[in-house]
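Below, each chain spelled out in residue letters.
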There are 2 protein chains.
Amino acid sequence: MNGAESLVRTMVKGGVDVCFTNPGTSEMHFVAALDRVPGMRCVLGLFEGVVTGAADGYFRMKGTPASTLLHLGPGLANGLANLHNAKKANSGIVNIVGQHAVYHIGYNAPLTSDIEGLARPMSSWVRTSPDAKSVAADGAAAIAAAKSAPPQIATLILPADTAWNEADGIAEVPAEQQRASYSPQAVEQAARILHGDGEGTLLLMTGSALSEQGLALAERIAGKTGCTVMGPTFRPKMARGRGRFSIDRIHYVIDQALPMLAKFRHIVLVESDDPVAFFAYPNKPSMLKPQGCEVHRMTSWGENSVAALEALAGAVKASARDVKPQALAELVKPTGALTFATIAQAIACAIPENAIMVDESLTTGRGFFPPTAAAAPHDWLQNMGGSIGFSTPLSIGAAIACPDRKVITMVGDGSAMYTIQSLWTQARENLDIVTIVFANRIYQILRGEFDNVGAGEPGQRANDMLRLDRPTLDFVALAKGMGVPGRAVTNADEFNKALAEAVAEPGPRLIEVQM
Amino acid sequence: MNGAESLVRTMVKGGVDVCFTNPGTSEMHFVAALDRVPGMRCVLGLFEGVVTGAADGYFRMKGTPASTLLHLGPGLANGLANLHNAKKANSGIVNIVGQHAVYHIGYNAPLTSDIEGLARPMSSWVRTSPDAKSVAADGAAAIAAAKSAPPQIATLILPADTAWNEADGIAEVPAEQQRASYSPQAVEQAARILHGDGEGTLLLMTGSALSEQGLALAERIAGKTGCTVMGPTFRPKMARGRGRFSIDRIHYVIDQALPMLAKFRHIVLVESDDPVAFFAYPNKPSMLKPQGCEVHRMTSWGENSVAALEALAGAVKASARDVKPQALAELVKPTGALTFATIAQAIACAIPENAIMVDESLTTGRGFFPPTAAAAPHDWLQNMGGSIGFSTPLSIGAAIACPDRKVITMVGDGSAMYTIQSLWTQARENLDIVTIVFANRIYQILRGEFDNVGAGEPGQRANDMLRLDRPTLDFVALAKGMGVPGRAVTNADEFNKALAEAVAEPGPRLIEVQM
């Protein structure tokens, strides 16, 4: 077998059996190998940002890496923004990036570029395979890196001749690392803090702590000790909805985040980091905790936070009896105009059991949490790297990882346009994804920031860079162009109806919410 | 004035007065400065690949750099593929990339990444401005780098606090370098080669040699000495059409390129490089020249090739009387089915005087050169870096650089989808661009390469990665979604009619050629 086949067989044997692809000439031997070797599901994206975002979504829902197939430096470059988001989400991905044959690189053909240089900023593991006999072992090492704790973006660069030359066979992927445990000392310290100053303590949780089980344990601890539980502004995945502990997130807007944290004298970090502002602003702090607040780490990313929370609950003697009832919003279908409140309420009513909510709603969605806390149980996925255009690709990977669950993507019109090509892959694979586009026809988050700059009303040139209303984007036409049925809604009743139908029907649907 | 304003004023004074933008929060002080300072035209793209590709097109037609405005590492990353293409075209661009405030970078906020690391592979000049008082001088240095000979991709990283803090004023851009001259010795050597073995010599020309003037001089030299004149497979810009010397390009397909070059004993390079294969293939050479062929460089990129050709014409005593008549195709509007030949003929008939042809037609366009040699005079622009998705953005920059000329973009359906967001900017700016999409519903170039791999007929998984027919892309709907009127054509008569109307009407139009 050639190098390409040895790599594909190594990947399938190593449990990497989904490949999100946008291949080119130099990857044709790899494509031919994919064709020959059974067991790999290949999903084509029309743009590489779709491919890498899908791999992120797959990992978040499946917990095990998918691979990507990208064409040389520029193909990788097109996928970097969503690799950035994936890296910040601690998702594991195996990127296979084609390269010229080793002996051809020096000739500086048009597509030649510094692929390793491009890969490093968004990858934790980068290797160029030197020859066909190394490819299988390099692939196994990439898989091991992607599956490590914490998981990694692993980028394996595959020169064309290493794909077409004769290989030595398949390589074994090293046994998976056990999910790391936790530090009993750190739990004891957290328990001491909660005993001493429960009311003044914030349990700031993310990662595995935001599973249904982790949240349930935190709810008991909060009920017993009077501490507050929050998540960071953005979280890779969080269990939400009826019967689950509903927690606040630190507000994105710094002037609202600071008062949320002002009362705390202690922050206990559960996989999260000491909270920082998303951006810096003149004369405002970068760190969000109040002066004098002490920060203690209970678990790091990749540690077993559920076990740590269980130990902490034991240490503070918290049990199910300590849980305080939650005041949940009433789920009533809204009527009338589309406002932030009616949009949130309509979505909360429409969420089906076990849905996967992919949230890139930005300004429109800042109030989505309170009403959806009362919705049917679901998972809620957010953008960890801040590079917009993550949600429509992410939903592809989530839908492929969980074919029996409905995915609902909530995205602003500006964000949706970065990776709009996602809709085509959703149609091609007939994925159960409802894409809700909030069409306010402005980069509203930037309009707010322009105000913060204190430059007054934007003039023509600034508006030219902020407003999306000239011409109006027609998302129903865009969806039609890519084979996804869509409809536009202009009031809450239409939105309720469109949501109910889209959720009930299999396959992809798009709803343009005209605000 | 603050750093942002000092930079904008420096840019406008330095002749950089078009900014292709996709800004974010960290660039709002820069946006506010653009709003206050007159003289900068701001053109918004919905995706950064549109922005950087437009800057490439602007430089190619205007000969002077535009700027881009990009949001942090991921925004730059999204623009890298077309920066790669621009770099390979020797286009000058001033990229302004926002960064967190200097003191905020260490906190590893979600959007933090290694921006310099991302910039280097596709930039020849990279600098992070350290403080507001340095920003103007750094901007001037970036402009000087972009305008140097050969021109450069210059990337200036602008931490937010260097934009909002107080600056020292405007900086002067150093006087432009004169376009380098040429080496009289190299011209004498070329003349000796042509005297000794005219018939066995190939003049391989690109860059400034492909201007109307350069081609006219080469035509005389060829007529006098019997040498052959060709261009590389791809050229940044070439004068073509009636009354201009029509030259062949080295074929993209290596098996056709090798026989084209087989007879030459000498290659004289005029700004071009020793020809190399686009990709490597098993048991095929990387270098395309025949064994024993000697390669001589007459001019390098950035040298004055027109002057060198003039000197060479003088040295070989070539004059207008030596020009051999060219056999041009007859321009007759085609009828019947859409074939490669009828498509080419229809386009040749429709090209208006002084049009700018942007060519990303790939497999469909391989026969476009012979018939269009007889068309009205025009410029022909091609992809220099091989990263697809270059043409629809490039056309934006070309149209803005030359508002009195019609731009015709020829693009395959697969390529068009990488940066389809370009259509919206074309509509927003009401640019005179006709986009012709060749909808063969397959990555045909890869289908051909799959054959080259010798893997037989592609099976299901391979077809899943090559074919675009499930679902069918509807480019008329996509164009409508972004405010561009479009129509689909299915035979040559419809295509003739659609072309004539689109060329006659102002503003953007799209034609989907259903093959």
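Residues numbered from 1 in each chain as written. Chains lettered and ligands numbered in written order. Predicted model: local features only at pLDDT ≥ 70, side-chain atom pairs only at ≥ 80, totals over all residues. Heavy atoms only, no water.

A. Layout of the pattern of salt bridges. Under the criterion given, the structure shown has 48 salt bridges over all chains. The partner of E429 of chain A in a salt bridge is R41 of chain A, and the shortest N-O contact between them spans 2.9 Å. Of the two residues, E429 of chain A is situated in the loop between α16 (422–428) and β16 (433–439) and R41 of chain A in strand β2 (residues 41–44); the sequence distance between them amounts to 388 residues. In this structure, R120 of chain B engages E116 of chain B in a salt bridge whose closest nitrogen and oxygen atoms are separated by 2.7 Å. The network of salt bridges with common partners includes E5, R9 and R36 of chain A. (Salt bridge = Lys/Arg side-chain N within 4 Å of Asp/Glu carboxyl O. Helix = DSSP H or I, 4+ residues; strand = E, 2+ residues; numbered from the N terminus.)

B. Inspection of the UniProt feature "domain: Thiamine pyrophosphate enzyme N-terminal TPP-binding" (unreviewed entry) in chain A at higher detail. Residues annotated in UniProt with the feature "domain: Thiamine pyrophosphate enzyme N-terminal TPP-binding" (unreviewed entry) correspond here to residues 1–107 of chain A. What you have in residues 1–107 of chain A is 49% helix and 20% strand, and the ends, taken at the C-alpha atoms, are 28 Å apart. (UniProt positions renumbered as here; feature names shortened; annotations may be inferred.)

C. Layout of the sheet that holds β2 of chain A. Residue and element names in this part refer to chain A. One open sheet holds the six strands; their spatial order is β2-β1-β3-β4-β6-β5, and the pairing between them is parallel. Single-partner strands in this sheet number two, and they are β2 and β5 (125–128). The average angle at which neighbouring strand axes cross in this sheet is 20°, direction not considered. The pairing of strand β1 (residues 18–22) with β2 spans four bridges and is classified as parallel. Its bridge partner lying in β2, V18 is registered against R41. Contacts between helix α2 (residues 28–36) and the sheet are confined to β2, β3 (66–70), β4 (93–99) and β6 (153–159), with β3 contributing the most and set at about 140° to the helix. (Pairing = 2+ DSSP bridges. Axes fitted to C-alpha atoms, helices over the stretch in contact; angles between N-to-C directions. Contact = heavy atoms within 4.5 Å.)

D. Up close: empty space enclosed by the protein. Overall, the coordinates contain four cavities of 30 Å³ or more when judged by the stated rule. Roughly 100 Å³ of internal volume is contained in the largest cavity. Forming the walls of the largest cavity are F279, A280, Y281, P282, E449, N452 and V453 of chain A together with T25, S26, H29, A160 and W164 of chain B. Breaking the lining of the largest cavity down by element, the ones donating at least two residues are α17 (444–453) of chain A together with α7 (160–164) of chain B. If one sorts the elements of the lining of the largest cavity by residue count, α17 of chain A sits on top with three residues. Partitioned by chemical class, the residues of the lining of the largest cavity number seven nonpolar, four polar and one charged. (1 Å grid on protein atoms, 1.4 Å probe; cavity = no way out; pocket = protein on both sides within 12 Å on 5 of 7 lines; lining within 4 Å. Points joined across faces, edges and corners; volume = space filled by probe spheres on them. Nonpolar A, V, L, I, M, F, W, Y, C, P; charged D, E, K, R; others polar.)

E. The arrangement of the domain arrangement of chain A in detail. Residues and elements named next belong to chain A. With domains assigned, chain A is organised as domain 1 (3–164), domain 2 (184–322) and domain 3 (340–514). The C-alpha-based centres of domain 2 and domain 3 are spaced at 29 Å. Taken together, the contacts link 19 residues of domain 2 with 21 residues of domain 3. At the boundary of domain 2 with domain 3, total buried surface from both sides reaches about 1800 Å², with 48% on carbon and sulfur atoms. Across the domain 2-domain 3 interface, the total number found is eleven residue pairs in polar contact (both at pLDDT 80 or more). Per element, the largest residue contribution to the side of domain 2 that touches domain 3 is three residues, and it comes from strand β9 (residues 238–240). Its residues assigned to classes, the side of domain 2 that touches domain 3 comprises nine nonpolar, four polar and six charged. (Domains from an automatic or database assignment. Buried area = accessible area lost by both parts, 1.4 Å probe. Polar contact = N/O pair within 3.5 Å; in protein donor to acceptor, adjacent residues only side chain to side chain.)

F. The arrangement of the UniProt feature "domain: Thiamine pyrophosphate enzyme TPP-binding" (unreviewed entry) in chain A in detail. Under the present numbering, the feature "domain: Thiamine pyrophosphate enzyme TPP-binding" (unreviewed entry) in UniProt falls on residues 376–513 of chain A. Taken as a whole, residues 376–513 of chain A contains 43% helix and 20% strand, while its terminal C-alpha atoms sit 22 Å from one another.

G. Quick look at the sheet that holds strand β8 (residues 228–231) of chain B. Residue and element names in this part refer to chain B. Judged by pairing direction, the sheet is parallel, and its five strands sit side by side in the order β10-β8-β7-β11-β12 without closing on themselves. Looking at strand neighbours, the two that pair on one side only are β10 (248–249) and β12 (294–299), the edges of this open sheet. Bridge count for strand β7 (residues 201–205) against strand β11 (residues 266–270) is five bridges, and the pairing is parallel. Bridge pairing in β11 places L203 opposite V268. Here helix α8 (residues 184–197) sits on the sheet and contacts β7, β11 and β12; the angle it forms with β12, its principal contact strand, is near 135°.

H. Molecular detail of the relation of the copies chain B and chain A. Once chain B is rotated about the relating axis by 180° and shifted along it by 0.0 Å, it coincides with chain A to within an RMSD of 0.0 Å. Classification of the inter-copy transformation places it as that of a two-fold axis. Take the interface residues of chain B: 100% of them recur as interface residues in chain A, which is what a same-surface contact looks like. (Least-squares fit on C-alpha atoms with pLDDT ≥ 70 in both.)

I. Spotlight on the packing of aromatic side chains. Enumeration according to the criterion identifies 17 aromatic pairs over all chains in this entry. Taking the centre distance of 5.7 Å and the plane angle of 65° together, the rings of F234 of chain A and F278 of chain A count as edge-to-face. Note that F234 of chain A is positioned in the loop between β8 (228–231) and β9 and F278 of chain A in the loop between β11 (266–270) and β12 (294–299), a separation of 44 residues in sequence. A relative accessible area of 12% places F278 of chain A in the buried class. Seen in terms of ring centroids, F278 of chain A and F279 of chain A are 5.2 Å apart; in terms of plane orientation they differ by 70°. Their pairing is edge-to-face. Both residues of the pair, F278 of chain A and F279 of chain A, count as buried. Members of the aromatic cluster, joined through ring pairs, are F47 and Y418 of chain A together with F47 and Y418 of chain B. (Phe/Tyr/Trp six-rings, centres within 6.5 Å; stacked < 30°, edge-to-face > 60°. Buried < 20%, exposed > 50% of the residue type's maximum accessible area, 1.4 Å probe, protein only.)

J. Local environment of the interface of chain B and chain A. At the junction of the two partners, chain B supplies 101 residues and chain A supplies 101 residues. A combined buried area of about 8200 Å² lies between chain B and chain A, and 65% of that area is made up of carbon and sulfur atoms. Counting the surface chain B buries against chain A, the share from its top three residues, R428, R461 and M465 of chain B, is 9%. Here chain B and chain A share two salt bridges between them. A salt bridge links K480 of chain B to D474 of chain A; the shortest N-O distance between them is 3.2 Å. By residue number, the principal contributor to the side of chain B that touches chain A is helix α4 (residues 72–88) of chain B, which donates eight residues. Across the side of chain B that touches chain A, the residue classes break down as 57 nonpolar, 29 polar and 15 charged.

K. Up close: unusual backbone geometry. With an omega of -5°, the peptide bond running from R470 of chain A to P471 of chain A counts as cis. Relative to the helices and strands, P471 of chain A resides in the loop between α18 (460–466) and α19 (475–481). For the bond running from A149 of chain B to P150 of chain B, omega is -5°, close enough to zero to count as cis. Relative to the helices and strands, P150 of chain B resides in the loop between α6 (132–146) and β6 (153–159). Within the chain, E271 of chain A stands out as a residue other than glycine whose phi angle is a positive 65°.

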